[in-house]
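Working through the structure, step by step
Residues per chain are reported as follows:
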Amino acid sequence: QKEIPYELIVVDLTKGEQKTPAFRQHQPFGVIRPYIDDDGFILCESRVICRYLVKKYPTQGTLSL
């Protein structure tokens, strides 16, 4: 709803892509969950991501939390 640009990364679980070194750089435990990488600033917990986006883009989209 904030209309923030994003990149969707498709992970093929049947090929075990979540366990590759490249994927585990962002998700050390190899789990599928949302994360944000904002120029090296990485967040991996959905509630924290939501708060971060609300504070970073306060004038875009719906009201803040």
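Our subject is the structure listed above.
Here's what I pulled together on the structure shown here. (Residues numbered from 1 in each chain as written. Predicted model: local features only at pLDDT ≥ 70, side-chain atom pairs only at ≥ 80, totals over all residues. Heavy atoms only, no water.)

A few points about the overall build of the protein
- Looking only at helices and strands, the protein features two helices and two strands.
- Helices (α) and strands (β) of the protein occur, in sequence order from the N terminus, as α-β-β-α.
- Taken over C-alpha atoms, the radius of gyration comes to 14 Å for the protein, far larger than the 11 Å a tight globule of 65 residues would show.
- Each principal axis of the C-alpha atoms in the protein carries an extent, and together these give about 40 × 20 × 20 Å.
- When the 65 residues of the protein are sorted by exposure, 15% land in the buried category.
- Considering only intrachain contacts with a sequence separation of at least 6, the fraction spanning at least 24 residues in the protein is 22%.
- Of the accessible surface of the protein, which amounts to about 5500 Å², a share of 58% is contributed by carbon and sulfur atoms.
- With 9 positive and 8 negative side-chain charges, the protein shows a spacing of 9 Å between the two charge centroids. (Helix = DSSP H or I, 4+ residues; strand = E, 2+ residues; numbered from the N terminus. Rg over C-alpha atoms; globule rule 2.2 N^0.38 Å. Buried < 20%, exposed > 50% of the residue type's maximum accessible area, 1.4 Å probe, protein only. Contact = heavy atoms within 4.5 Å. Areas by Shrake-Rupley, 256 points an atom, 1.4 Å probe, with all protein chains shown as cover. Lys, Arg positive; Asp, Glu negative; His and termini not counted. Charge placed at Lys NZ, Arg CZ, Asp CG, Glu CD.)

Some remarks on the side chain of K2
- As for its placement among the helices and strands, K2 is situated in the segment before helix 1 (21-24).
- One buried charged side chain, K2, makes no salt bridge at all; its nearest oppositely charged neighbour is E3, positioned 11 Å away.
- A distance of 2.5 Å separates the side chain of K2 from the backbone oxygen of Q60, its partner in a polar contact. (Salt bridge = Lys/Arg side-chain N within 4 Å of Asp/Glu carboxyl O. Polar contact = N/O pair within 3.5 Å; in protein donor to acceptor, adjacent residues only side chain to side chain.)

With respect to unusual backbone geometry
- Phi is positive for E3, which is not a glycine, with a value near 55°.
- In this fold, E3 is placed in the segment before helix 1.
- One non-glycine residue with positive phi stands out, namely D39, at about 55°.
- Following the sequence through the fold, D39 ends up in the loop between strand 1 (36-38) and strand 2 (41-43).
- Residue D39 is classed as exposed on the basis of its relative accessible area, which comes to 79%.

Let's talk about the side chain of Q18
- Tracing the sequence through the fold places Q18 in the segment before helix 1.
- Apart from the residues lying within four places of it in its own chain, the contact partners of Q18 are V11, D12, L13, F23, R24, G30 and I32.

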